[in-house]
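Geometric and topological summary
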Amino acid sequence: MEIKNKKGEVLLTVEKDNLEAHDFYRAELPEADFRGSSLVRARFYGANLAQANFNGAQLKRVTFQVANLTGADLRGANLAYVNLLGTNLSDADLTDADLSW
């Protein structure tokens, strides 16, 4: 599975069919396109996700601890039980996101 940016350039190739519970530890994924993806229990510890698109994504129980989500699009994303400790959410769009705990 290929993870691409807004321009369609491949940022990362993952050797499995889905991204649930995948470990993206310190991954460099600026402008990554995760629209509508299921990333339940994925780990983005220390990842660079600046300007990434998570619009409508399933992010329940994801770890974004100390990640960079500057300017990320999280509109309508399911962020229930997400770990955001130390995460940079400057200019991120959380419109209609589920932030329940």
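Going by the structure above, here's the rest.
Description of the structure in this document. These numbers were taken from a predicted model, which means no experiment stands behind them. (Residues numbered from 1 in each chain as written. Predicted model: local features only at pLDDT ≥ 70, side-chain atom pairs only at ≥ 80, totals over all residues. Heavy atoms only, no water.)

What to know about the nonpolar core
Grouped together as the largest cluster of nonpolar side chains are 28 residues, with contacts concentrated most on Phe-24, Phe-34, Phe-44, Leu-49, Phe-54, Leu-59 and Phe-64. Not counting chain neighbours up to four residues away, the residues in contact with Phe-24 comprise Ile-3, Leu-12, Val-14, Leu-19, Leu-29, Phe-34, Leu-39, Ala-42, Arg-43, Phe-44, Tyr-45 and Ala-47. (Core = buried A, V, L, I, M, F, W, Y, C linked by side-chain atoms within 4.5 Å. Buried < 20%, exposed > 50% of the residue type's maximum accessible area, 1.4 Å probe, protein only. Contact = heavy atoms within 4.5 Å.)

Description of the pattern of salt bridges
For the structure on display, the rule yields 5 salt bridges. Ionic pairing is found between Lys-4 and Glu-2, a salt bridge with its closest N-O pair at 3.8 Å. Two residues, Arg-75 and Asp-73, come together in a salt bridge whose shortest N-O distance is 2.6 Å. You can call Arg-75 partly exposed: its relative accessible area is 35%. A single network of salt bridges, built from pairs that share partners, joins Asp-73, Arg-75 and Asp-93. (Salt bridge = Lys/Arg side-chain N within 4 Å of Asp/Glu carboxyl O.)

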